[in-house]
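Understanding the architecture of this molecule
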Amino acid sequence: MGKKVTVVGAGFYGSTTAQRLAEYDVFDTVVITDIVEGKPAGLALDLNQSRAIEGFETKVVGVTTGPNGEGYEAIEGSDVVVITAGLPRKPGMSRMDLLETNAKIVRQVAENVAKYAPSAVVIVVSNPLDEMTALAQIATQFPKNRVLGQAGMLDTARFSNFVAEALNVPVASVRTLTLGSHGDTMVPVPSKSTVNGKPLRDAMPAEQIEELVVKTRNGGAEVVALLKTGSAYYAPSAAAARMAKAVAEDSGEVMPVCAWVDGEYGISGVYLGVEAEIGAEGVKRVVETDLDADERASLLAAAEAVRAKQSDISSM
Ligand code: LMR
């Protein structure tokens, strides 16, 4: 049977994710939902009208959902559901300032996903990311491997871009990695970062790497400050769409994602940014990589910071 993916939320993040997913042409159907009357249907119509130009057969369906789950029957049979619902932060806010507002929204969405798409893999992108991923697992009661969050791919992409710009080299020659949280305890991993296969640490001085690490950690806030309303969506949607594609194709690709960690790195029982093999069942396996002592210590600190917040969310 053909593959079906749902994107919940038709803001810029949701609509660009739906566009990328449709243009991959690997799904039969992309469903986009929103609570705003007409908006998802309008976007779907517009995307379908681009099919003849972009050359994809995927059909996009737009559905407005109601406060009591009306409309959610459209997501039935989805292999993947990407949850983008929730508010973006405003300039000056931290992602954590969205916790209570977005918890209500994500819980309600996740409960409907569990009801109407009980076999789906859920990819959460709403902020604060690590906490909303944990909440979606609690609200769906899905196995933990079937609920994951998008952040590591985005933060890694930002880090790679900044390194490529700083060295004036093609971005394709740069490999970087970020682990930890999608927040203040993000852990860029210079020891696993390379330029043309050579260690990043040989390509630039430690102070410059640190500057780019800080820029990566502030990558989302910098976009928010410039946009003034809303937050980033081109790079975030690229990351989320790639994850959904890896699930649909059961590709087994290793990606940095927010996944349930149970024993790896000596860390247990928390959603955290790590590398994982992604396939039809969501996370096939968390991949533990060698870290140097500082990076390992930062990852442990990130795990404890996220754990402290995640323990609050079951009551939200
Ligand atoms: C991002 O990193 O772009 C997103 O998490 C949105 C934000 O508020 O920064």
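Computed from a predicted structure; not experimentally measured. (Residues numbered from 1 in each chain as written. Predicted model: local features only at pLDDT ≥ 70, side-chain atom pairs only at ≥ 80, totals over all residues. Heavy atoms only, no water.)

The subject of this paragraph is the packing of aromatic side chains. One pass over the full model with this rule turns up four aromatic pairs. Judged by centre distance (4.7 Å) and plane angle (15 degrees), the rings of Phe12 and Tyr233 are stacked. Of this pair, Phe12 sits in helix H1 (residues 12-24) while Tyr233 sits in the loop between helix H9 (219-227) and helix H10 (234-248), placing them 221 residues apart in sequence. Accessibility expressed as a relative area gives 57% for Phe12, which makes it exposed. (Phe/Tyr/Trp six-rings, centres within 6.5 Å; stacked < 30°, edge-to-face > 60°. Helix = DSSP H or I, 4+ residues; strand = E, 2+ residues; numbered from the N terminus. Buried < 20%, exposed > 50% of the residue type's maximum accessible area, 1.4 Å probe, protein only.)

Our focus in this paragraph is the UniProt feature "domain: Lactate/malate dehydrogenase N-terminal" (unreviewed entry) in the protein chain. Sites flagged by UniProt as "domain: Lactate/malate dehydrogenase N-terminal" (unreviewed entry) map to residues 4-149. Across residues 4-149, the secondary structure splits into 40% helix and 19% strand, with the terminal C-alpha atoms separated by 19 Å. (UniProt positions renumbered as here; feature names shortened; annotations may be inferred.)

For the rest of this paragraph, the subject is the side chain of Glu275. In this fold, Glu275 is placed in strand S13 (residues 268-279). Dropping the residues within four chain positions of it, Glu275 is found in contact with Leu177, Leu179, Val254, Met255, Pro256, Val286, Val287 and Thr289. (Contact = heavy atoms within 4.5 Å.)

On to the sheet that holds strand S10 (residues 194-195). The sheet built from three strands is open, its strands ordered S7-S10-S11 with antiparallel pairing. This sheet does not close on itself; its edge strands, each paired only once, are strand S7 (174-175) and strand S11 (198-199). Inspection of the sheet shows S7 paired to S10 by two bridges, in the antiparallel sense. From the neighbouring strand, Val174 faces S10, where its bridge partner is Val195. (Pairing = 2+ DSSP bridges.)

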